[in-house]
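Chain by chain, the residues:
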Amino acid sequence: MKFSIEDEIHHPFESVYPTYRDKLVSLVPYLPDVKSIEILEKERKGKRLRLVNRWTARTQVPGVVRKIIGLDQVMWLDHADWDDDAHRVAWRFEIPGLDDYVQASGKNEFFDEKGKTKVCLSGEFTIDATKHPRVPRLLARTIQPQVEKFIFVLIKPNLLAVNRGLEKLLSEPGKGSAKKK
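J.: I tried to follow the environment of serine 26 on my own but got confused; where do I start?
T.: Along the chain, the position of serine 26 falls in the loop between helix H1 (13-22) and strand S2 (34-45). Overall, the relative accessible area of 36% leaves serine 26 in the partly exposed class. Sequence separation of serine 26 and leucine 166 is 140 residues, and the distance between their C-alpha atoms is 8.9 Å.

As structure tokens, this is what we get:
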């Protein structure tokens, strides 16, 4: 399932872009569904930065789902390749234990909009239930599009919550270099 979301952050680009790139861990207190973000890898080459972050959700996996997927805690690895010239990050999520069935990748682009920042998120999210040993093949093909849509409805607010958290962080005295416009 392909998706595209445009959103606006009510702070200047000069504050938003580097905060989003460099201070993601500082957003955790502003993200109600996120327990932690841990930087596992960080490598800078000129105007490019490669990061691998482990996100852990606050919510536990429900018992029925836990039996199917074999995970207690929801977590994912966020592979991010930042390009400072293009003001863009290409990302890919890897969900340990589900990486054979779930694929998520895309990009976020940042634009200066007269004292505000426009963020365009686009990507693709797919669940290949046919590869899961506990899901019957015939049923998997039938339910896959509905499951993808349902899960995206759950994910979209969390994608936007990062932007709202960033606004709150930048609005706090001493946390951001910009005043809210």
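J.: Help me out: how do you make sense of the pairing of strand S1 (residues 2-9) in this one?
T.: The two faces of a sheet get side chains in turn, since along a regular strand they alternate between them. Taking every second residue as pointing to the same face, the buried face of S1 carries Phe3, Ile5, Asp7 and Ile9, while none of Lys2, Ser4, Glu6 and Glu8 on the other face is buried. Pairing analysis gives eight bridges linking S1 to strand S7 (residues 116-127), with the strands arranged antiparallel. Counted as the bridge partner of phenylalanine 3 is glycine 123 from S7.

J.: How should I be thinking about the nonpolar core in this particular structure?
T.: Nonpolar side chains in soluble globular proteins tend to end up buried together. Membership of the largest hydrophobic core comes to 39 residues, with the highest contact counts inside it found for Leu31, Trp55, Trp82 and Phe110. A total of seven residues in this core trace back to one element, the largest contributor, which is helix H3 (residues 137-171). The residues contacting tryptophan 55, other than those within four sequence positions of it, are Leu24, Leu31, Val34, Ser36, Ile37, Val74, Met75, Trp76, Asp78 and Val162.

J.: Even after reading the chapter, I still don't get the pairing of S7, so can you show me in this structure?
T.: Bridging between strand S6 (residues 102-113) and S7 involves twelve bridges; their strand directions are antiparallel. What sits directly across from serine 105, in S7, is glutamate 124.

J.: How do you make sense of the side chain of histidine 79 when you look at a structure like this?
T.: Along the chain, histidine 79 falls in strand S4 (residues 73-83). Given the relative accessible area of 17%, histidine 79 is considered buried. A polar contact of 2.9 Å, which involves the side chain of histidine 79, links it to the side chain of glutamate 94. With residues near it in sequence (within four places) discarded, histidine 79 still touches Leu51, Val52, Ala90, Trp91, Arg92 and Glu94.

J.: Teacher, can you tell me more about the packing of aromatic side chains here?
T.: For any pair of aromatic rings, the description rests on two quantities: the centre-to-centre distance and the angle between the ring planes. Under the defined criterion, the tally for this structure stands at ten aromatic pairs. Grouped by ring-pair contacts, the aromatic residues Phe3, Trp55, Trp76, Trp91 and Phe93 constitute a single cluster. The ring of phenylalanine 111 carries the charged tip of lysine 118 above its face, separated from the ring centre by 5.5 Å.

J.: Please clarify how unusual backbone geometry should be interpreted in this entry.
T.: Of all residues except glycine, most have a negative phi; of all peptide bonds, most are trans. A positive phi is found at histidine 87, a non-glycine position, where the angle reads about 55°. Summarising the element assignment, histidine 87 is placed in the loop between S4 and strand S5 (88-94). The exposure class assigned to histidine 87 is partly exposed, which follows from its relative accessible area of 28%. Of note, lysine 114 is a non-glycine position whose phi angle comes to about 55°, a positive value. Along the chain, the position of lysine 114 falls in the loop between S6 and S7. Note on lysine 114: relative accessible area 85%, which makes it exposed.

Thresholds, definitions, all that
- Residues numbered from 1 in each chain as written.
- Predicted model: local features only at pLDDT ≥ 70, side-chain atom pairs only at ≥ 80, totals over all residues.
- Heavy atoms only, no water.
- Helix = DSSP H or I, 4+ residues; strand = E, 2+ residues; numbered from the N terminus.
- Buried < 20%, exposed > 50% of the residue type's maximum accessible area, 1.4 Å probe, protein only.
- Pairing = 2+ DSSP bridges.
- Core = buried A, V, L, I, M, F, W, Y, C linked by side-chain atoms within 4.5 Å.
- Contact = heavy atoms within 4.5 Å.
- Polar contact = N/O pair within 3.5 Å; in protein donor to acceptor, adjacent residues only side chain to side chain.
- Phe/Tyr/Trp six-rings, centres within 6.5 Å; stacked < 30°, edge-to-face > 60°.
- Lys NZ or Arg CZ within 6 Å of the ring centre and 35° of its normal.

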